[in-house]
Amino acid sequence: MARIIRPEQAIQLRFLLEQPEEVLIEFCKLAIEYINSGINEKKCTVAAKKLSSTYDTVRGALEALVALLIDSTKIAISEREFYAAVQTSLEGIDQKQSEILWQFITSKRNLVDNVMRASCQDEVYFRDLEWRIEGRIASRSLRSQATPVIKMKFHLDTECVSEYREKLHSTPDTEKHTRREVLAETDPIMLQHMIQVLEQALLEARTRRVRNYVKPAQS
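Definitions and limits used
Residues numbered from 1 in each chain as written. Predicted model: local features only at pLDDT ≥ 70, side-chain atom pairs only at ≥ 80, totals over all residues. Heavy atoms only, no water. Helix = DSSP H or I, 4+ residues; strand = E, 2+ residues; numbered from the N terminus. Buried < 20%, exposed > 50% of the residue type's maximum accessible area, 1.4 Å probe, protein only. Areas by Shrake-Rupley, 256 points an atom, 1.4 Å probe, with all protein chains shown as cover. Polar contact = N/O pair within 3.5 Å; in protein donor to acceptor, adjacent residues only side chain to side chain. Axes fitted to C-alpha atoms, helices over the stretch in contact; angles between N-to-C directions. Left-handed = near helix turned anticlockwise from the far one by under 90°. Contact = heavy atoms within 4.5 Å. Nonpolar A, V, L, I, M, F, W, Y, C, P; charged D, E, K, R; others polar. Parallel < 35°, antiparallel > 145°, perpendicular 65-115°, else oblique.

Going by what an unreviewed UniProt entry lists, the chain is known as COMM domain-containing protein and is assigned to Anopheles stephensi.

Details of the overall build of the chain
From N to C terminus, the chain includes 11 helices and 3 strands. Beginning at the N terminus, the succession of helices and strands in the chain can be written as α-α-α-α-α-α-α-β-β-α-α-β-α-α. The proportion of buried residues among the 219 residues of the chain is 32%. Carbon and sulfur atoms form 52% of the exposed surface of the chain, whose accessible area is close to 15,000 Å².

Describing the environment of Thr 45
For Thr 45, the location among the structural elements is in helix 3 (residues 41-50). On the basis of relative accessibility, which here comes to 44%, the residue Thr 45 falls in the partly exposed class. Within the local environment of Thr 45, its side chain forms a polar contact with the backbone oxygen of Glu 41, the two atoms lying 2.8 Å apart.

Some remarks on the packing of helix 3 against helix 4 (residues 55-74)
For any two helices packed against each other, the geometry comes down to the angle between their axes and how far apart the axes lie. At a minimum axis distance of 8 Å, the contact between helix 3 and helix 4 shows a crossing angle of 115°. The chirality of how helix 3 crosses helix 4 is right-handed. Within the contact between the two elements, helix 3 uses Glu 41, Cys 44, Thr 45, Ala 47 and Ala 48 and helix 4 uses Tyr 55, Val 58, Arg 59 and Leu 62. Considering only residue class, the contact of helix 3 with helix 4 consists of 6 nonpolar, 1 polar and 2 charged.

A short note on the packing of helix 2 (residues 21-37) against helix 6 (residues 95-107)
One way to put it is that helix 2 packs onto helix 6 with a least axis distance of 11 Å and a crossing angle of 15°. Accordingly, the angle class assigned to the pair helix 2 and helix 6 is roughly parallel. The two elements helix 2 and helix 6 cross, and the hand of that crossing is right-handed. From helix 2, Glu 21, Leu 24, Ile 25, Cys 28, Ala 31 and Ile 32 reach across to helix 6, where they touch Lys 96, Gln 97, Ile 100, Leu 101 and Phe 104.

So, in structure tokens, the structure goes:
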């Protein structure tokens, strides 16, 4: 069974399930506006006041709704899978609320798909990495220790396709137009610093603050 609702999203969406159906419908409209032009802080503030809640609660529910739309579109979820997923993840959801969410998903599926395809064209994807270490041969004439140099070649691709599908269907012409190669050179100290920065970025990517920002725009 498809899992399209994470535990933290389920908590955020329960806030909407506790509201009248009209509120859920309005949030679906706000979610589309979110995708088209970003968060509308003024409307979120007004909604929080009307619902006797906080801005963070309203925004969290809205972002969870956007993530539900995007994740459902990415896997092209079927109606049967969708109903099974929401019934399992959203405890207490009724039939009418499930129907509203499904209509929301299906009515904007093409819009989200087009947005993801357009954003995909501007991104560069990592494919492979080649590297080697170069150093001087030891010599008595050298008064200081030679510092080795690490040379790297990053293989990138501007086409958003599955790696396995690419291996099956790629041709020399398509690879020529979509692939890029970036050469880089560094020393061991700088390489160690780069590794530390990347590891720190991975740790921050697991924080709730970053996940809430990334989820509405993911792929």
